[in-house]
Amino acid sequence: MSEVVIFFLMAALALGAALGVVLAKNPVHSALLLVTVLVAIAVLFVVQDAQLLAAVQVIVYAGAIVVLFLFVIMLLGVDEQESLSDPVRIQRPAAILLGVIALAEVLFLTGHHWATGAEKARGALDDGSGGNVERVARSLFTEFLWPFEVTAVLLVAAVIGSVVLARRSNRPTTDDVDESSGEKVSAP
Amino acid sequence: MKLTDTYFLTFAALLFTIGAVGLLVRRNVLVMFMCVELMLNAVNVTFVAFSKTLNDISGQAIVFFVLVVAAAEVAVGLAIIVAIFRRRRSGVTADDIDLLKG
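Undergrad: Before we go on, may I ask you to explain the overall build of chain A in this structure?
TA: Looking only at helices and strands, one finds 7 helices and 0 strands in chain A. Going from the N terminus to the C terminus, chain A shows its helices and strands as α-α-α-α-α-α-α. Sequence separation of 24 or more characterises 45% of the internal contacts of chain A that already satisfy a separation of 6 or more.

Below you can see the structure in the form of structure tokens.
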């Protein structure tokens, strides 16, 4: 019974905060409401017997990704007012209409148990060999070892890419020449 | 009253829709990124819900890979936003970046 109460509390909190992320004028408020959504989802993970994922959710998402968002918001300044006029005028009503249609479709699907799956294809949630952490770790390092190694490559590529993209070059390089000539071209 | 996976799937559907509509409606690139995070989290909730229903640990393992891809995407995306801001020195909204050039 308490599970149901926790679910409805956290689901309402997450959905309300998610609406706040979309509707907030200030990006800082959006980022802080995003933290609320992520923590509420972490609680839902605990309800679903995914204790390790709940911890990872708080550490990686709320701890790292949102802090990165806040850094960039502070770096760029938040006083920019978002223009409410749209180049394509029909876009906003069309977006909301499409969202309602997509929601109806997905809700229709959730009511039906069409999702089939090979049960216990990769092992049960709890096979009596230790807790959730050990169970996930064994799955990651045996059946998912190759994807796990590939994600290491992906992370290295992302780190190198973001360093190269965000680097400020001090010496005059061809990049700077391109930039100045580009501004000259665009000025008239 | 028992907590079945239908509750979690409905919640995830609502969260995904909020993220998708937000991505289409907002113009601020940072808020659009946050909406992408909302959609990824909704998918994570469905993975964990099916992991519980089917009693299969791989649903939880795959959420890890979603987390890694989300982290990589945020790192590169925010670097691109910073680079664009450095070049343009003006507001970073999706309408300013429509020329596919610096």
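Undergrad: I'm lost on helix H6 (residues 145-166) of chain A in this one. Help?
TA: In an α-helix, one full turn covers 3.6 residues, which means residues spaced three or four apart are oriented alike. Spanning 22 residues, H6(A) covers 32 Å between terminal C-alpha atoms, matching the ideal 32 Å at 1.5 Å per step. Looking at H6(A), one finds that the buried residues are A:Thr151, A:Ala158 and A:Ser162. Mapping the buried residues of H6(A) onto a view down its axis gives an arc of 20°, with all of them on the same face. The outward face of H6(A), more than 90 degrees from its buried face, is lined by the exposed residues A:Trp146, A:Val153, A:Ile160 and A:Val163. Of the surrounding elements, those touching the buried residues of H6(A) are helix H3 (58-88) of chain B.

Undergrad: In this structure, what is going on with the interface of chain A and chain B? I would like to understand it.
TA: Each side of the interface is counted separately: chain A has 84 residues, and chain B has 70 residues. Taken over both partners, the interface formed by chain A and chain B buries close to 7100 Å², and the fraction arising from carbon and sulfur atoms is 75%. The largest share of the area that chain A buries against chain B comes from A:Gln48, A:Phe69 and A:Leu76, three residues that together contribute 10% of it. Where chain A touches chain B, the interface holds 1 salt bridge. Along the contact surface separating chain A from chain B lie 10 residue pairs in polar contact (both at pLDDT 80 or more). The set of elements that each furnish at least two residues to the side of chain A that touches chain B consists of helix H1 (2-23), helix H2 (27-47), helix H3 (51-76), helix H4 (91-110), helix H5 (132-142), H6 and helix H7 (174-186) of chain A. Tallied by class, the residues present in the side of chain A that touches chain B amount to 54 nonpolar, 13 polar and 17 charged.

What counts as what
- Residues numbered from 1 in each chain as written.
- Chains lettered and ligands numbered in written order.
- Predicted model: local features only at pLDDT ≥ 70, side-chain atom pairs only at ≥ 80, totals over all residues.
- Heavy atoms only, no water.
- Helix = DSSP H or I, 4+ residues; strand = E, 2+ residues; numbered from the N terminus.
- Contact = heavy atoms within 4.5 Å.
- Expected span 1.5 Å × (residues − 1).
- Buried < 20%, exposed > 50% of the residue type's maximum accessible area, 1.4 Å probe, protein only.
- Arc of directions from axis to C-beta.
- Buried area = accessible area lost by both parts, 1.4 Å probe.
- Salt bridge = Lys/Arg side-chain N within 4 Å of Asp/Glu carboxyl O.
- Polar contact = N/O pair within 3.5 Å; in protein donor to acceptor, adjacent residues only side chain to side chain.
- Nonpolar A, V, L, I, M, F, W, Y, C, P; charged D, E, K, R; others polar.

By themselves, these observations are geometric and do not establish any function.
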